[in-house]
4 protein chains.
Amino acid sequence: MTKVLVWCENVQNKTQENVIAAYPEGMHNTLAGFLSADGGLSVTTATLDDPDCGVTDEKLAETDVVLWWGHVAHGQVPDAVVERLYGRVVTNGMGLIALHSSHFSKIFKRLMGTSCALAITKPGYGAEKLWTLLPGHPIARGIPNPVEIEAEETYNEYFDIPQPDELVFNAAFEGCGSFRAGAAYHRGRGKVFYFQPGHETYPVYRQKEVQEILLNAVYWAVGKARG
Amino acid sequence: MTKVLVWCENVQNKTQENVIAAYPEGMHNTLAGFLSADGGLSVTTATLDDPDCGVTDEKLAETDVVLWWGHVAHGQVPDAVVERLYGRVVTNGMGLIALHSSHFSKIFKRLMGTSCALAITKPGYGAEKLWTLLPGHPIARGIPNPVEIEAEETYNEYFDIPQPDELVFNAAFEGCGSFRAGAAYHRGRGKVFYFQPGHETYPVYRQKEVQEILLNAVYWAVGKARG
Amino acid sequence: MTKVLVWCENVQNKTQENVIAAYPEGMHNTLAGFLSADGGLSVTTATLDDPDCGVTDEKLAETDVVLWWGHVAHGQVPDAVVERLYGRVVTNGMGLIALHSSHFSKIFKRLMGTSCALAITKPGYGAEKLWTLLPGHPIARGIPNPVEIEAEETYNEYFDIPQPDELVFNAAFEGCGSFRAGAAYHRGRGKVFYFQPGHETYPVYRQKEVQEILLNAVYWAVGKARG
Amino acid sequence: MTKVLVWCENVQNKTQENVIAAYPEGMHNTLAGFLSADGGLSVTTATLDDPDCGVTDEKLAETDVVLWWGHVAHGQVPDAVVERLYGRVVTNGMGLIALHSSHFSKIFKRLMGTSCALAITKPGYGAEKLWTLLPGHPIARGIPNPVEIEAEETYNEYFDIPQPDELVFNAAFEGCGSFRAGAAYHRGRGKVFYFQPGHETYPVYRQKEVQEILLNAVYWAVGKARG
């Protein structure tokens with residue numbers, strides 16, 4: 001069994017109506033739900049509400065991959081938690097999958113060595129197509145090209161990340177926006193994958209293709225094949 | 001002086017009205033025109049009409065960079081000419097800049113080792129934005145982000161190229177198309193740059209930003225700085 | 001079952017005493033032997049002696065990965081065979097593992113787009129250490145760092161290959177020689193791995209660590225995990 | 001004029017006899033000496049002895065490239081100085097050249113996002129050969145392949161860095177040690193180059209080829225050509 005920890009900050013989920021509407025059960029539970037349906041994964045969740053963010057040394061010692069979703073509360077994640085995650089990735093080979101606005105999470109910035117800032121030229125939302133650039137990559141296996149997403153927050157380049165070791169997906173948005181939406185990295189003994197879709201007001205994580213990509217990414221991060 | 005050879009097949013320019021309208025003087029002369037205006041470049045042209053395509057050993061021995069534009073007549077370029085170009089790049093360090101439909105030229109395919117096929121999901125034309133992914137790259141110097149192009153042929157991924165050593169530009173098109181539009185490679189002692197804009201029915205090579213990118217690319221290919 | 005085709009030219013094995021001494025059963029049989037011992041692989045062999053090199057469309061249609069070892073007879077492999085292999089890699093996602101002097105095989109050069117020439121500064125043989133640069137890579141899993149090889153032909157840089165997508169191993173040789181010894185590439189839908197050890201007069205393919213690397217590479221090429 | 005700041009910690013230079021013997025004038029002055037001899041560079045120096053390490057906002061505002069050499073006193077460089085350097089690289093496009101034991105400097109680790117630890121299998125010193133992997137790269141221009149260094153500290157893989165955007169040099173050491181000795185990165189708008197030679201007890205920075213590499217690297221970092 002591959003042990004997966006789904007971490008969401010779980011802040012807007014409590015008070016913001018359109019977020020509650022998109023993910024009434026809490027986004028961490030949505031993510032854990034479809035991941036758990038895979039027979040090879042053992043999935044737990046944690047949020048900012050847990051002591052030590054639920055990211056203790058004991059917890060990480062029995063975790064193979066972390067999915068991380070943060071947005072308005074990046075600053076509330078203690079530096080000690082960040083260093084703990086960082087050490088597990090670089091030294092112990094744990095996988096880390098940074099989702100959507102987690103491009104700006106402390107742990108992703110720590111692992112990239114750049115600002116990880118991006119541009120939002122026209123704040124807003126629109127249709128997105130997600131294009132596969134590496135059809136032979138394990139994360140792209142079985143994924144249609146393109147994946148069409150009805151509505152997403154429209155991110156834009158310049159996205160200040162190091163050149164990915166493997167740029168698996170590019171996104172294009174209504175209005176000719178462009179974004180490196182699926183970027184894979186080796187970091188020490190571990191693997192890191194950034195994936196852009198997942199704005200909190202659109203139930204993107206309910207879309208089958210997006211779920212398939214995340215399942216692929218979990219298996220890729222631990223170097224296993226999906227059954 | 002950096003010696004530049006502009007090569008265009010010069011076929012549609014003779015008979016196709018909308019191509020003649022876009023480039024009445026011939027596209028090779030348009031390209032040579034703005035390149036020549038740069039004091040550091042000595043520019044000549046050649047086409048399919050020239051004996052041996054105008055790409056002889058003698059010519060290449062005094063050439064630092066070749067810009068190559070082909071489309072309907074890739075097959076008419078003799079293999080011997082392709083091997084000559086190839087050898088100059090890999091062994092002698094000549095630069096090669098492949099333009100637009102030259103993604104499918106023999107010389108570009110030879111240097112890439114892949115099919116270099118691309119997708120045109122909806123044959124047609126539309127607005128394009130060209131996004132800079134490496135703001136510190138010499139080819140991106142002084143280029144606005146994005147560059148807006150009023151109308152271009154809408155190419156799409158999957159574009160079957162090796163992962164670029166440096167992905168300098170991504171294009172997004174009306175309708176959420178996406179394309180790796182500026183891709184840089186080391187090949188042996190030489191450098192290769194693929195640049196997507198330049199469909200024959202739109203006078204894209206008259207656009208100032210596009211000209212600046214090509215000038216930057218020429219200097220990058222020979223490892224010199226623009227004056 | 002993953003279907004593996006081991007191809008060796010099988011030329012020096014017939015007449016050259018020190019090659020016969022190293023691989024009395026024929027190198028293709030040595031390779032097939034330890035690969036077959038893995039329960040997940042179904043392994044066949046072919047050589048230059050087979051009609052059409054044993055590399056027919058029918059054969060490739062049921063092959064997931066090819067291991068290729070050639071040396072003195074690269075030129076005897078028909079171009080049609082090379083194009084057949086090439087198409088299966090780029091279009092159908094077949095894996096290709098090029099061994100030792102196959103750096104100069106037609107198929108490897110075709111897929112790289114460079115000369116693939118290397119330097120042999122002091123023709124001869126010496127001790128080699130093989131160093132892991134990507135400890136989290138599937139091909140490096142379980143491999144000691146370094147792997148010590150008692151005697152090998154001493155290859156040297158400059159090795160004229162494109163920058164690998166993943167440089168998994170570097171070799172250093174007695175006398176301070178250096179060589180990119182384990183280089184992984186995406187090519188279209190397929191994956192390519194070059195691996196330097198395997199000179200015909202040293203029984204390197206009997207060494208446990210080398211066998212483990214090749215087993216890892218086979219599974220990596222098809223995107224599966226070793227059992 | 002390109003403005004270069006040479007920063008050395010200048011600690012062992014004061015008390016350790018074999019360091020004083022190698023660089024009686026102080027290593028920062030050795031470096032500044034040969035760099036200043038280039039007509040296009042304006043060179044200043046700073047050390048740990050200067051207030052704020054000599055790395056103030058004012059100083060950096062007029063600096064194009066920093067060469068950084070640290071070893072025993074990494075911890076004495078204040079975090080504020082590190083963030084200042086980091087911001088200038090990522091946001092303003094300043095170049096940073098990290099020398100030898102500066103693989104473990106705060107600023108290099110900050111920019112890499114990995115531990116940057118390396119292995120010293122057999123503590124000691126020996127002959128080194130430095131091999132060019134990208135003969136067309138501006139940093140390799142005019143550099144013999146290999147460069148032979150009589151004696152250096154023998155570093156080894158695994159060197160915990162991200163895969164370089166451009167791996168320009170590999171080192172091999174007596175005893176079959178191997179090390180990625182010249183590694184180039186884009187980081188935001190800036191460029192970073194790590195270069196391994198330069199142990200404090202061997203006067204490596206007096207060697208002509210090493211000086212040429214560093215001059216090339218300075219010009220590469222600012223995107224200019226050497227005159």
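What you see is a predicted model, and the numbers here were worked out from it, not measured in a lab.

What counts and how
- Residues numbered from 1 in each chain as written.
- Chains lettered and ligands numbered in written order.
- Predicted model: local features only at pLDDT ≥ 70, side-chain atom pairs only at ≥ 80, totals over all residues.
- Heavy atoms only, no water.
- Helix = DSSP H or I, 4+ residues; strand = E, 2+ residues; numbered from the N terminus.
- Rg over C-alpha atoms; globule rule 2.2 N^0.38 Å.
- Buried < 20%, exposed > 50% of the residue type's maximum accessible area, 1.4 Å probe, protein only.
- Contact = heavy atoms within 4.5 Å.
- Least-squares fit on C-alpha atoms with pLDDT ≥ 70 in both.
- Expected span 1.5 Å × (residues − 1).
- Pairing = 2+ DSSP bridges.
- Axes fitted to C-alpha atoms, helices over the stretch in contact; angles between N-to-C directions.
- Phe/Tyr/Trp six-rings, centres within 6.5 Å; stacked < 30°, edge-to-face > 60°.
- Disulfide = S-S within 2.5 Å.
- 1 Å grid on protein atoms, 1.4 Å probe; cavity = no way out; pocket = protein on both sides within 12 Å on 5 of 7 lines; lining within 4 Å.
- Points joined across faces, edges and corners; volume = space filled by probe spheres on them.

(A) Structural context of the overall build of chain A. If you tally the helices and strands in chain A, you get seven helices and nine strands. Over its C-alpha trace chain A gives a radius of gyration of 16 Å, about what one expects of a compact globule, namely 17 Å for 227 residues. Taken along the three principal axes of its C-alpha coordinates, chain A extends 45 × 40 × 35 Å. Per-residue burial for chain A yields a buried fraction of 66% across its 227 residues. Taking the intrachain contacts of chain A between residues at least 6 apart in sequence as the baseline, contacts between residues at least 24 apart amount to 72%.

(B) Quick peek at the relation of the copies chain B and chain C. When chain B is fitted to chain C, the residual RMSD is 0.0 Å, and the transformation amounts to a turn of 180° plus an axial shift of 0.0 Å. The symmetry that links the two subunits is that of a two-fold axis. Within chain B, the C-alpha atom positioned nearest to the axis of rotation is that of G113(B), 2.2 Å from it. Interface overlap between copies: 100% of the residues of chain B at the interface are likewise at the interface in chain C, consistent with a symmetric, same-surface contact.

(C) Molecular detail of helix 7 (residues 208–222) of chain A. When the terminal C-alpha atoms of helix 7 of chain A are compared, their 22 Å separation across 15 residues agrees well with the 21 Å that a helix rising 1.5 Å per residue should span. The buried fraction of helix 7 of chain A is high, at 13 of 15 residues.

(D) Region of the structure containing the sheet that holds strand 2 (residues 41–47) of chain B. All names here are of chain B. Across the sheet, which stays open at both edges, the nine strands sit in the order 2-1-3-4-9-8-7-5-6 with mixed pairing between neighbours. Pairing within the sheet leaves two strands with one partner each, and these edge strands are strand 2 and strand 6 (147–153). Direction aside, neighbouring strands of the sheet carry axes that sit 20° apart on average. Sheet topology note: the strand 5 (residues 125–132)/strand 6 ladder contains five bridges and is antiparallel.

(E) How the structure looks around the relation of the copies chain A and chain B. When chain A is fitted onto chain B, the two copies agree to an RMSD of 0.0 Å after a turn of 180° and an axial shift of 0.0 Å. A shared interface surface links the copies, since 100% of the contact residues of chain A are contact residues in chain B too.

(F) Quick peek at the packing of aromatic side chains. If you walk through the whole model with that rule in mind, you get 44 aromatic pairs over all chains. Arranged with centres 4.6 Å apart and planes meeting at 20°, the rings of F159(B) and F179(B) form a pair that is stacked. Here F159(B) is found in the loop between strand 6 and strand 7 (166–173), whereas its partner F179(B) is found in strand 8 (residues 177–187), with 20 residues between them in sequence. An identical accessibility class is assigned to F159(B) and F179(B); each is buried. A centroid spacing of 6.3 Å and a plane angle of 65° characterise the contact between F169(D) and F195(D), whose relative ring orientation is edge-to-face.

(G) Summary view of the sheet that holds strand 3 (residues 65–69) of chain C. All names here are of chain C. As summarised here, the arrangement of the nine strands in space is 2-1-3-4-9-8-7-5-6, forming an open sheet in which the pairing is mixed. In this open sheet, the two strands that pair with only one neighbour each are strand 2 (41–47) and strand 6 (147–153). Strand-to-strand twist across the sheet, computed as the mean angle between neighbouring axes with direction ignored, equals 20°.

(H) Main features of the state of the cysteines. All names here are of chain B. Using the criterion set out here, one finds zero disulfides over all chains in the structure. We note that C8 lacks a disulfide partner, and the nearest cysteine sulfur, in C53, lies 12 Å from it. Overall, C8 belongs to the buried group, its relative accessible area being 2%.

(I) Fine view of empty space enclosed by the protein. Per the stated rule, a full pass over the model turns up seven cavities of 30 Å³ or more. What the largest cavity holds in volume is close to 520 Å³. Around the largest cavity, the lining comprises 30 residues; the ones closest to its centre are D165(A), P164(B), D165(B), P164(C) and D165(C). Of all the elements in the fold, those that place two or more residues in the lining of the largest cavity are strand 8 of chain B together with strand 8 (177–187) of chain C.

Purely geometric numbers; function is a separate question.
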